[in-house]
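Here is what each chain is made of, one letter per residue.
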Amino acid sequence: MPKIRIMRIYLVVVFLCLACLPTAYGLELSPERLEWLRIEIRRHDELYYETGEPEISDLEYDRLKKELVDTEALTERTSSGSISGSDISKHAHRVPMLSLEKAYEIGELQSFHGECARNLGTEELEYWIEPKVDGVAISAVYEHGYLVRVLTRGDGERGKDIGERLVHSGCLPARLQMGAPEFVEVRGEAYIPMEAFERINVLRKDEGLPAHSNPRNLATGTLMGVDEDTIIGRGIKLVFFGWGAWEPDANQPVDYTEYRDWLQDNGLPAIGEVELVRGSKELLESVRRLQRERDGWPFAADGLVVKLNSTHERERMGWSAIGPNWAVAWKFPPDTEESVIESIVWQMGRTGRLTPVAEFKQVVLKGRKIQRASLHNLATLKYRGFRVGDQVRVELAGDVIPAVYPIAGDKRSANNREVPVPVCCPWCSGKLIQSGTGASLDCPNISCPERVKRQLDYFCKTLGMRDVKTRRMSELVDKGIIRGFQDVFSTQEQIQGLSKTMSLPLWRKIQSLGLPGIGKVGAKEIAEEFGSLKEWMKVASMKLDAQAVELVSAAAGFWE
Ligand code: IVH
């Protein structure tokens with residue numbers, strides 16, 4: 001093995017050891033970090049399972065979860081209120097699903113080629129250049145030609161089986177027709193085509209629902225959370241670009257060209273937007289060309305993958321702890337801008353929860369002007385310690401949601417102000433409540449005008465009413481005509497605007513009330529079970545609090 005490669009592996013190992021130190025030696029064991037991890041993981045669980053809108057990748061989530069498990073183990077608190085736990089429904093990958101070394105600059109691509117050329121003793125190497133499809137990594141396992149499972153990547157060693165719903169939805173063949181080995185792991189990606197993603201978001205907008213943030217998250221949510229009808233309805237597609245185990249391995253394809261033919265012969269889709277090149281000059285030209293074409297691709301891609309064609313050459317290049325030495329991921333330049341926090345303000349939600357929001361000097365990302373980003377909750381604000389005047393990096397998380405990150409090494413001026421956590425509600429002056437763990441801040445006043453306005457926003461949006469109606473209702477709150485949310489049903493001036501909602505399905509009406517824990521799914525269940533607000537009231541009055549009971553009976557009085 002050449003010296004430079006040994007050096008690289010050595011550096012990777014040293015880096016991994018150093019990266020583990022803070023938790024292993026308890027340097028990061030502050031109670032704040034532990035608390036933050038719990039809150040953050042719970043928040044991501046909610047985003048994933050309840051709204052189907054995760055903000056982070058599986059890998060990032062697994063990292064957080066691993067840190068929590070390690071930290072809990074070290075502090076011997078595993079059993080007390082822990083939300084971590086092992087997952088027994090996983091299968092091992094025969095060859096682990098690793099990652100790829102990344103190249104951000106042309107020089108890094110040149111040195112990738114340089115190393116291949118040095119190791120293999122020729123400059124005239126053949127590479128395939130392909131889009132790096134931004135979806136969910138999968139591994140379809142065929143034994144003697146029969147599909148036995150389709151695994152997600154999981155932690156790289158073990159993944160979850162999602163095969164049943166995929167095969168029923170016709171995404172991949174249950175049997176291989178030609179050249180089936182005894183055992184093969186066919187590696188690829190599940191994704192939502194851009195066209196389907198945009199269509200789904202248009203429909204959601206019509207329904208007054210928030211847009212899905214990006215195709216990758218929607219693909220994850222679709223594969224993990226729901227039935228095969230949704231998989232079909234959302235148009236999930238698969239594409240294959242590699243293999244793990246191939247047994248007996250003497251029968252492996254001799255090169256990627258042959259593998260792509262094998263995929264095609266067996267009805268397994270390969271990527272169409274690819275180029276086969278020879279040598280460094282063609283490699284760089286192809287990377288530039290494909291990068292220019294990326295907006296026309298039918299799927300989201302976050303870069304390109306450059307991979308050696310020959311299986312024999314791949315074997316000679318070998319693997320590092322990160323991934324294969326015979327391939328590299330060229331990452332498209334990130335959409336990120338630097339800015340300065342000008343203020344941190346509080347935003348009221350319909351449940352009375354206050355969310356900190358950073359306002360910063362305007363930046364433009366993906367053609368959008370952006371100057372605000374949610375800091376999610378009090379815990380995140382405290383943990384990240386943002387101050388007014390801080391330099392921040394602004395990104396579009398999942399290409400859609402603005403997010404700010406501290407800039408490493410930013411020399412914060414002594415003048416940068418920490419924002420005080422308000423004691424009283426900025427709108428109604430009532431006393432705010434910090435939750436037991438200090439993670440959130442709530443205004444308990446049900447007549448708080450700002451809170452009522454947010455409830456009305458949700459109400460109007462869910463019922464598909466126009467913006468002008470929402471603004472009109474806000475004015476009525478300012479004038480003191482609407483004092484509590486339920487007044488919307490008795491205020492004469494509103495009856496006219498509301499009359500159009502009479503014919504809406506019951507579940508929409510229930511959802512529009514925005515009761516805690518009753519979203520679209522819950523509202524549909526209630527509507528199905530009870531058939532009317534009045535029937536629901538008979539049973540629900542025992543379970544709901546006084547305010548909710550008052551609201552539901554006002555709604556029943558108006559709509560029924
Ligand atoms: S080749 C060992 N080709 O990127 C991995 N990967 O960072 C060899 N990916 O999780 C993979 N498009 O799921 C390859 N055209 C492509 C790809 C691709 C997307 C994903 C893959 C893996 C990740 C590696």
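Residues numbered from 1 in each chain as written. Predicted model: local features only at pLDDT ≥ 70, side-chain atom pairs only at ≥ 80, totals over all residues. Heavy atoms only, no water.

Undergrad: I'd love a proper account of the sheet that holds strand β10 (residues 301-308), names of residues and values included.
TA: Pairing between the strands of a sheet is mediated by backbone hydrogen bonds and can be parallel or antiparallel. The sheet built from five strands is open, its strands ordered β2-β11-β10-β3-β9 with mixed pairing. Each of the sheet's edge strands pairs with one partner strand only, and the pair in question is β2 (102-103) and β9 (275-278). As defined by bridge partners, strand β3 (residues 126-133) adjoins β10 across seven bridges and the pair is classed as antiparallel. Directly across from W128, in β10, lies its bridge partner K307. (Pairing = 2+ DSSP bridges. Helix = DSSP H or I, 4+ residues; strand = E, 2+ residues; numbered from the N terminus.)

Undergrad: So, the site of the ligand: which residues are in play, and what are the values?
TA: Around the ligand, a shell composed of 15 residues is seen, among which E130, V133, R153, E189 and K307 lie nearest. Contact between the ligand and P131: a nitrogen atom at 3.0 Å from a main-chain N or O atom of the residue. Residue K132 places a side-chain N or O atom 3.5 Å away from an oxygen atom belonging to the ligand. Out of a free accessible area of 510 Å², the ligand has 89% covered by protein chains. Of all the secondary-structure elements, those providing two or more residues to the shell around the ligand are β3 and β10. Looking at the shell around the ligand element by element, the count peaks at four residues for β3. For the shell around the ligand, a count of residues per class yields nine nonpolar, one polar and five charged. (Near = heavy atom within 4 Å. Polar contact = N/O pair within 3.5 Å; in protein donor to acceptor, adjacent residues only side chain to side chain. Areas by Shrake-Rupley, 256 points an atom, 1.4 Å probe, with all protein chains shown as cover. Nonpolar A, V, L, I, M, F, W, Y, C, P; charged D, E, K, R; others polar.)

Undergrad: Explain the packing of aromatic side chains to me, and be specific about the residues and the numbers.
TA: In this structure the tally under the stated criterion is 18 aromatic pairs. Between W128 and Y256, the aromatic rings sit 5.8 Å apart at their centres with planes inclined by 75 degrees, giving edge-to-face as the arrangement. On the criterion of sequence distance, the pair formed by W128 in strand β3 and Y256 in helix α9 (residues 256-265) is long-range, its members being 128 residues apart. With respect to class, W128 is no different from Y256; both count as buried. Aromatic rings pair up to connect W128, W243, W246, Y256, Y259 and W262 into one cluster. The ring of F332 has R294 lying over it, and the distance from NZ or CZ to the ring centre is 4.1 Å. (Phe/Tyr/Trp six-rings, centres within 6.5 Å; stacked < 30°, edge-to-face > 60°. Buried < 20%, exposed > 50% of the residue type's maximum accessible area, 1.4 Å probe, protein only. Lys NZ or Arg CZ within 6 Å of the ring centre and 35° of its normal.)

Undergrad: Just give me the short version of the pattern of salt bridges, but keep the residues and values in it.
TA: Once their charged atoms are close, side chains differing in charge can pair, the charge on each being opposite to the other. Per the counting criterion, the structure on display carries 20 salt bridges. Among the salt bridges present, the one from D302 reaches K132, with a minimum N-O distance of 3.8 Å. Here D302 is found in strand β10, whereas its partner K132 is found in strand β3, with 170 residues between them in sequence. On the basis of relative accessible area, D302 is assigned to the partly exposed category, the value being 22%. Exposure remark for K132: the relative accessible area of 21% places this residue in the partly exposed category. (Salt bridge = Lys/Arg side-chain N within 4 Å of Asp/Glu carboxyl O.)

Undergrad: Please provide a residue-by-residue account of the nonpolar core, values included.
TA: Grouped together as the largest cluster of nonpolar side chains are 66 residues, with contacts concentrated most on Y127, L166, L172 and V186. Not counting chain neighbours up to four residues away, the residues in contact with L172 comprise A140, Y142, L147, V150, L166, V167, L238, F240 and L268. (Core = buried A, V, L, I, M, F, W, Y, C linked by side-chain atoms within 4.5 Å. Contact = heavy atoms within 4.5 Å.)

Undergrad: Can you explain helix α18 (residues 533-540)? Please cite residues and give values.
TA: If you check which residues of α18 are buried, you get L533, W536, M537 and A540. Seen along its axis, α18 keeps its buried residues to an arc of 105 degrees; they face one direction. Each element contacted by the buried residues of α18 is listed here: α16 (506-512), α17 (520-530) and α19 (546-559). (Arc of directions from axis to C-beta.)

Undergrad: Describe the sheet that holds strand β4 (residues 136-143), naming the residues involved and giving the relevant values.
TA: Here we have four strands laid out as an open sheet, ordered β5-β4-β7-β8, and antiparallel in their pairing. Because the sheet does not close on itself, it has two edges, and the strands there are β5 (146-152) and β8 (237-247). Ignoring which end each strand starts from, the neighbouring axes of this sheet average 25 degrees apart. Across eight bridges, β4 lies against strand β7 (residues 183-191) in antiparallel orientation. Counted as the bridge partner of Y142 is V184 from β7. Across the sheet, α9 lies against β7 and β8, angled at about 120 degrees from β8, the strand it touches most. (Axes fitted to C-alpha atoms, helices over the stretch in contact; angles between N-to-C directions.)

Undergrad: Could you give an account of the state of the cysteines, with specific residues and numbers?
TA: All told, the structure shown has zero disulfides when counted by the stated rule. For C428, which is in no disulfide, the shortest distance to another cysteine sulfur is to C425 and amounts to 3.7 Å. (Disulfide = S-S within 2.5 Å.)

Undergrad: Any chance you could break down the pairing of strand β11 (residues 327-331) for me, citing the residues and the numbers?
TA: Most of β11 sits inside the fold, with five of its five residues counted as buried. Of the two faces of β11, the one holding A327, A329 and K331 and the one holding V328 and W330 are both buried throughout. As paired strands, β2 and β11 are joined by two bridges and run parallel to one another. Within β11, the residue paired with K102 across the bridge is A329. In this sheet, β11 lies alongside β10 in antiparallel orientation, the contact comprising five bridges. Each residue of the ladder has a partner; that of V305, found in β11, is A329.

Undergrad: Lay out unusual backbone geometry with the relevant residues and their values.
TA: The bulk of non-glycine residues show a negative phi, and the bulk of peptide bonds are trans. At the junction of E247 and P248, the peptide bond is cis and its omega measures out at 0 degrees in the coordinates. Along the chain, the position of P248 falls in the loop between β8 and α9. Positive phi outside glycine occurs at H144, with the angle close to 50 degrees. Within the element layout of this structure, H144 appears in the loop between β4 and β5.

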